[in-house]
Amino acid sequence: MTELAAVKLPAKRKPKVSKQAASAYASPAMASVDWPLLTLLWAIVSCGIILVASSSVSIADSLFGDSLHFAKRHTVYIVLGMIGACFIAALPSQLWRRYGPLFLLLALILLTLVLVPGLGKRVNGSQRWFNLGFITVQASEVVKFCVIVFFASYLSRRQEDLLYGWKGFGISIASVVLIAALLILEPDFGSTVVITVTAMSMLFLAGVRLHQFLLLVLLGAGGLAVLATATPYRLQRLVSYLDPWADQYGGGYQLTQSLIAFGRGEWFGSGLGNSIQKLFYLPEAHTDFIFAILAEEFGLLGVLLMLGLFVAFIARILGISRRAMAADDKFAALACFGVAAMFSTQVLINVGVASGFLPTKGLTLPFVSWGGSSLIANFALIGFILRLDWELRRNALLKPKVKRMPRKKTKAVEELAA
Amino acid sequence: MNKKVTTSKRKQAPAKGKGLAIAMLAKWRFHFTVAVIALLLLALMWHLAFLQVVPGNERGYEFLQGQGNARTIRHETINAYRGLITDRNGEPLAVSSPVTSVWANPKLFKNDDGQLRAVAKALGLKQSELAAKFDRFANKEFMYLKRHLPPHKAEAVMALGVDGVYATTEYQRFYPAAEVASHLVGFVDVEGKGQEGLELAYDHWLKGEAGAKRVIKDLKGRVIKDAGLIRAALSGKDVRLSIDLRLQYMAHRELKTALKAYKAKSGSVVILDVASSEVLAMVNQPSYNPNNRSKIKAKQLRNRALTDQYEPGSTMKPLTILAALETGKFSKDTVVDTNPGYVRVPGKTFVDPVNYGEINLERILTKSSQVGIVKLALQMEPETIRDIYQRFGLGAVTGTGFPGERTGTLPNRPKWHVTEHANFSFGYGMSLTAAQLAQAYNVIANDGTFRPVSILHHQEGVESHQVADPALVKQVRKMLSTVPEKEGTGKLAQITDYPVAGKTGTVHKLGSKGYAENRYMSLFAGMAPADAPEIVAVVMINEPGTQAYSGGKVAAPVFSRVAESALRLLRVPPRVSDSSQVAMVGGMQ
């Protein structure tokens, strides 16, 4: 935390709880984790395992001779992700609060290194991955985490820079533009959009002045438009999404196949395992287009249930953000808000792309799509916000007692303040 | 916490400068962002509902399902089972059995070493050959890997689970009687289409109708599931031939033996059932095995008894005699003076081997006298002879429907040269097939009733009609029964236990410059038992290579063996004769 906070907070809340009194209500160390959030996550991840298993059955059998190839690895990544989340949750948020700028640096270094031939791995014309031998790491997934930490840290510490003058705005925009530019060089258009939208929503919440923000929105939209039209393949992709049937065996192929999956689903779907589109018709059925298979096998009902799970899940994260706002913990509020915005954007774009509602492609459905880097990065974010949530609860546990208990400094509060 | 507080704090902030808490996060900004996300989500859900459940939408689920079906639902042919061909007793002559053909889509087959080796091994092919084939078909989407595999071998290939390799059920035709009945039955090609013989002639009847079903296929062309039958395959109908496989086997064996013994080029034997005029046996040499046609030659393919026409020679003499009797100017006792053993007509001299002197009509047949028949014929109009030929079915199609059957020629001349007139009386200057000859002799066996020859059993719509006076026909038949006797030209045609009636024929073959001196067609046409014929048989041996070449020497003994075996197989009771102990024993049984 900034000096400011470090100074002000203890002064503001002077919780003085006796050891006996604290134990009579609850120990701050025993503050609960957000079980509803974890339950919702567990439900989404379970759906993900089932959907990956179902949608990858044929391609796995054909490529590896093992129809559960992807499902097994998906499960392993989930376990790795959970371990990673536990690790991150074990770290005090001070670390993120204090070293925010380093994460911007880390993001820029990663995005630069991945472009270096030999270091970055090129797949399907995009240089997005680091090959670590046992696992390939997608740079942009790590960058998502970094961006949220950086902006939460920066905006909470330097809010006044944002509110007055152009400095804060300038630094924020420069960071976003730099990251977006590097992402576009890979190219990774989807991640560019997600990261830009996440950063912008955090900026917005942090109180960026509206005329600056409007300028930013216009610049961003203009930039996207230029990017989309400058390179012909992106333009073609845009055209293809508007009327995929015009070029159904070329640029529109994947989308038409995805749309057919949606159309087959109707209300209740064809039943788990009965998708036809996953039988090689729909490319990327277990990654970017997994939602189409969900729509085909479980119908609109399954689609709404899945979206409902995401809504509840994201609402829960927003709830943490709201509580942080109430507690005036700007870092936690901005971070959780950023995570919620990022998941929302990814879900909206993923589903929107699969159903022909939005252009672009190349985004996973968080916690559902197959993809190790994405899973682990998302789990890391969960570990991160769970820690923030836990700290909020712990602080809250201490705070109300201030009013009821006699004012007396405790050792625990001193530690906290320090 | 609320907006007011925020605003007021913001206003104070510049004065306070850095190091002060300047603002709490604005609630309205939070809610505004959430509202934007919620709106986008609602719009997306609306869009999804339109895709999935709202009817009547231009690009709605009906359209999408239609597009999906167009890509996944395919029609597959269900091959129909081809009908059986059997002999008159139901013995199978051509049967279909299910086999599996393995094919590949080269565009989906991953042409790597491991896959090629596995597939080649399972199919029993050479890997290099298979690789070459894949190269050749690289731009195609269909090629057979191997056709007509036994189902268990095809399963072994399919068990490899290689992409782009598929199996189809087809039917393969087997011919249990092999070369014995091959000319009649014919064969089908690898697609199951009739190519020769009755397989060709009755293809529409045998082939049935292929069915079709809807299947759902994945992008690699594998059938995921059946989506319903469009129409069931209709099995083809059976064809029952008139031949008796036992007689067919016997005739085949005898003809083959005779051809070898007389070093002849080719030959045919036709046996008819007298009452029905149905073919009991029809064999030709050379023949072929329809189950293995790899080294087949064109000359082996012909069903010569129906497709080859030739001059019948002296076998026509009984008909000329009958024509003479019909005129009323002659009777069986009419005597013809053949002195001095030859007769001169303008342009040609006809000679008998020896001078037979004054002989009656019967003797003309017994000795096959050229002089006698020519002198008789020249006392008749040529049209009279031609008329009887025509009534006996010569020069007209038999109606078997056999592919490539010939009709023979029966010329009708406005002005007959005397040589032509004379030749005509003993079967030159015309042509017929072995089947037509058997059909004509069947009229003699049948007391003047003409019934078209048939290769199907119990063929319907066949009309018989009287074409000659039964009394006169019987007279001719009695005359013919002297031919196989001791003094006759066809004594080798005799059968121990049954009287035979018949006529020999030795025909000069046509060469490039008229009739060839040393190439003959050896013929015997006859019936047995002579008193009440059960069978008619025609034996034709083409170009015997031995010293003996005449009908009496070459064809008659074959007739004897064939007719005797046929009568025994048909359980015709032997005739009791004083001279034959065996016959008595046989007759008492």
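Rules of the game
Residues numbered from 1 in each chain as written. Chains lettered and ligands numbered in written order. Predicted model: local features only at pLDDT ≥ 70, side-chain atom pairs only at ≥ 80, totals over all residues. Heavy atoms only, no water. Helix = DSSP H or I, 4+ residues; strand = E, 2+ residues; numbered from the N terminus. Buried < 20%, exposed > 50% of the residue type's maximum accessible area, 1.4 Å probe, protein only. Contact = heavy atoms within 4.5 Å. Areas by Shrake-Rupley, 256 points an atom, 1.4 Å probe, with all protein chains shown as cover. Buried area = accessible area lost by both parts, 1.4 Å probe. Salt bridge = Lys/Arg side-chain N within 4 Å of Asp/Glu carboxyl O. Polar contact = N/O pair within 3.5 Å; in protein donor to acceptor, adjacent residues only side chain to side chain. Pairing = 2+ DSSP bridges. Expected span 1.5 Å × (residues − 1). Core = buried A, V, L, I, M, F, W, Y, C linked by side-chain atoms within 4.5 Å.

Trainee: How should I be thinking about the overall build of chain A in this particular structure?
Mentor: When helices and strands are tallied, chain A shows 17 helices and three strands. Expressed as a percentage of the 418 residues in chain A, the buried residues total 56%. Nonlocal contacts in chain A, meaning residues at least 24 apart in sequence, comprise 72% of its contacts between residues at least 6 apart. If you sum the accessible surface of chain A, you get close to 17,100 Å²; carbon and sulfur atoms cover 70% of it.

Trainee: I tried to follow the interface of chain A and chain B on my own but got confused; where do I start?
Mentor: Interfaces are frequently sized by the accessible area removed from exposure as the parts join. Between chain A and chain B, the residue contacts involve 59 residues of the former and 51 residues of the latter. Broken down residue by residue, the surface that chain A buries against chain B is led by Phe204(A), Tyr281(A) and Leu348(A), which jointly contribute 13%. On the surface where chain A and chain B come into contact, there are zero salt bridges. Taken together, the links from chain A to chain B amount to ten residue pairs in polar contact (both at pLDDT 80 or more). Where the side of chain A that touches chain B is concerned, the elements lending two or more residues are α8 (159–163), α10 (189–206), α13 (253–265), α14 (290–326) and α15 (330–354) of chain A. Looking at the side of chain A that touches chain B, the element that brings in the most residues is α14(A), giving 13 residues.

Trainee: Which parts of the structure should I look at to understand helix α15 (residues 370–377) of chain B?
Mentor: Along an α-helix, residues three or four positions apart point the same way, because every turn accommodates 3.6 residues. All names here are of chain B. A large share of α15 lies buried, amounting to seven of its eight residues. Within α15, the full set of buried residues consists of Gln370, Val371, Gly372, Ile373, Val374, Leu376 and Ala377. The opening residue of α15, the one whose side-chain oxygen lies 3.5 Å from the backbone nitrogen of Val371, is Ser369.

Trainee: Got a minute to help me understand the pairing of strand β12 (residues 342–345) of chain B in this structure?
Mentor: The two faces of a sheet get side chains in turn, since along a regular strand they alternate between them. Residues and elements named next belong to chain B. Burial along β12 is one-sided: Val343 and Val345 are buried, while Tyr342 and Arg344, pointing the other way, are not. Bridge count for β12 against strand β13 (residues 348–351) is four bridges, and the pairing is antiparallel. Bridging across to β13, Val343 finds its partner in Phe350. Count of turn residues in the β12/β13 antiparallel hairpin: two residues, of which Gly347 carries a positive phi of about 100 degrees.

Trainee: How should I be thinking about helix α2 (residues 27–52) of chain B in this particular structure?
Mentor: Between its first and last C-alpha atoms α2(B) spans 37 Å; for 26 residues at 1.5 Å apiece the expected length is 38 Å, and the two agree. Residues Arg29(B), Phe30(B), Thr33(B), Leu41(B), Leu44(B), His47(B), Leu48(B), Ala49(B), Leu51(B) and Gln52(B) constitute the buried set of α2(B).

Trainee: Got a minute to help me understand the nonpolar core in this structure?
Mentor: Note on soluble globular proteins: their nonpolar side chains tend to be buried together. Residue and element names in this part refer to chain A. One finds Ile179, Phe291, Phe313 and Phe384 to be the most contacted residues of the largest nonpolar core, which totals 124 residues. Take this core: its biggest share by element is 18 residues, from α14. Phe313 has contacts with Leu37, Leu40, Leu41, Ile44, Phe343, Phe367 and Ile382, leaving out every residue within four places of it along the chain.

Trainee: Explain the pattern of salt bridges here, please?
Mentor: A side chain of one charge can pair with a side chain of the opposite charge if their charged atoms are brought near each other. In total, this model carries 37 salt bridges over all chains according to the counting rule given. Of the charged contacts, one joins Lys265(B) and Glu543(B) as a salt bridge, the two residues approaching to 3.4 Å between their closest N and O atoms. Linking Lys265(B) in the loop between α10 (245–261) and β9 (266–273) with Glu543(B) in the loop between β19 (535–542) and α20 (551–569), this pair joins segments that are 278 residues apart in sequence. Of the residues examined, Lys265(B) reaches a relative accessible area of 56% and is grouped as exposed. In the salt-bridge network here, residues are joined through shared partners; they are Asp34(A), Arg316(A), Arg323(A), Asp389(A) and Arg393(A).

Trainee: Would you mind going over the environment of Ala94(B) with me for this structure?
Mentor: Inspection of the secondary structure puts Ala94(B) in strand β3 (residues 92–104). With relative accessibility at 0%, the residue Ala94(B) sits in the buried group.

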